[in-house]
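One letter stands for each residue in the lines below.
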Amino acid sequence: MGPPGAGKGTQAQFIASHLSVPKISTGDIFRANVSGGTELGRQAKQYMDRGDLVPDEITIAMVRDRLSEDDARHGFLLDGFPRNVPQAQTLKKMLDAEWGAKLDLVLELVVDEDEVVRRLSGRRTCSQCGKIWHVDWDDKKDDICDECGGRLFQRDDDREDVVRHRLEVYQEQTAPLVSFYADEGILVGIDATGPVEEVTERALEAIRRFRG
Ligand SMILES: [Zn+2]
């Protein structure tokens, strides 16, 4: 778990490859079902085409199908799921009923809000090649892409007020989920500030400690 801008997808990728387990994200599962033309994919697409959220039952059925695949038999890392307490409760029941399994650990990437705002609101996207630059880290003084000469712009999603709003929404929706997993005794918070490799190392250290 982690707020937008915490580097969740990147960390999930590194941790999963380090543990030799598949990284299972709802985004990937949706795309696979839709492009594979499955019944669940067809249903999900109807909601997505209307701009509606895909209902929990469909999401959970897709997750169950994905967890049934061979590569997940010895473990998996979920990214972006569950998103709310009802999904977490259903996941818990499903793991137990289908496989007599349970989640071992929930990692929460903890970041300072101002740091997330600085990370995201400093991003500039090239209008020609799509490369993303950062005003501080890449020391961008001009609005020109060093790769292709294209003009850089700030995506709406990266505007400071939009980022602050997304963080508020995340805190509201996620606070109950944090309590849920804290009550289950499997929540570990990781400081997610600083270089990507250091954060990965902290996460792996937490997993090693947990495994004893
Ligand atoms: Zn460019």
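Residues numbered from 1 in each chain as written. Predicted model: local features only at pLDDT ≥ 70, side-chain atom pairs only at ≥ 80, totals over all residues. Heavy atoms only, no water.

As named in an unreviewed UniProt entry, the protein chain is Adenylate kinase, taken from Thermomonospora cellulosilytica. Annotation of the protein chain in UniProt includes, under Sequence similarities (unreviewed entry), the sentence "Belongs to the adenylate kinase family." Per its UniProt entry, the protein chain bears the Subunit (unreviewed entry) comment "Monomer." (UniProt positions renumbered as here; feature names shortened; annotations may be inferred.)

Student: Lay out the pairing of strand E3 (residues 106–110) in plain terms, naming residues and giving numbers.
Tutor: A large share of E3 lies buried, amounting to four of its five residues. Pairing of E3 with strand E7 (residues 187–191) involves five bridges; the strand directions are parallel. Directly across from Val106, in E7, lies its bridge partner Leu187. (Buried < 20%, exposed > 50% of the residue type's maximum accessible area, 1.4 Å probe, protein only. Helix = DSSP H or I, 4+ residues; strand = E, 2+ residues; numbered from the N terminus. Pairing = 2+ DSSP bridges.)

Student: Outline the UniProt feature "binding site: ATP" (unreviewed entry) in the protein chain, listing residues and values.
Tutor: Per the UniProt record, "binding site: ATP" (unreviewed entry) is annotated on Gly5, Ala6, Gly7, Lys8, Gly9, Thr10, Arg123 and Gly194. Here Ala6 lies in the segment before helix H1 (8–19). The buried category is assigned to Ala6, whose relative accessible area is 4%. Residues within four places of Ala6 in sequence aside, it is in contact with Leu109, Val111, Arg119 and Ala192. Looking at the element boundaries, Arg123 is found in strand E4 (residues 123–126). (Contact = heavy atoms within 4.5 Å.)

Student: An account of the side chain of Thr174 is needed here, citing residue identities and associated values.
Tutor: Looking at the secondary structure, you find Thr174 in helix H7 (residues 160–184). Thr174 sits in the buried class, given a relative accessible area of 8%. A distance of 2.6 Å separates a polar side-chain atom of Thr174 from the backbone oxygen of Tyr170. (Polar contact = N/O pair within 3.5 Å; in protein donor to acceptor, adjacent residues only side chain to side chain.)

Student: I'd like a rundown of the environment of Glu108, residues and numbers included.
Tutor: With respect to the element layout, Glu108 can be found in strand E3. A sequence separation of 80 residues divides Glu108 from Val188, and the C-alpha atoms of the two residues are 6.1 Å apart. Leave out the neighbours within four places in its chain, and Glu108 touches Met1, Val178, Leu187, Val188, Gly189 and Ile190.

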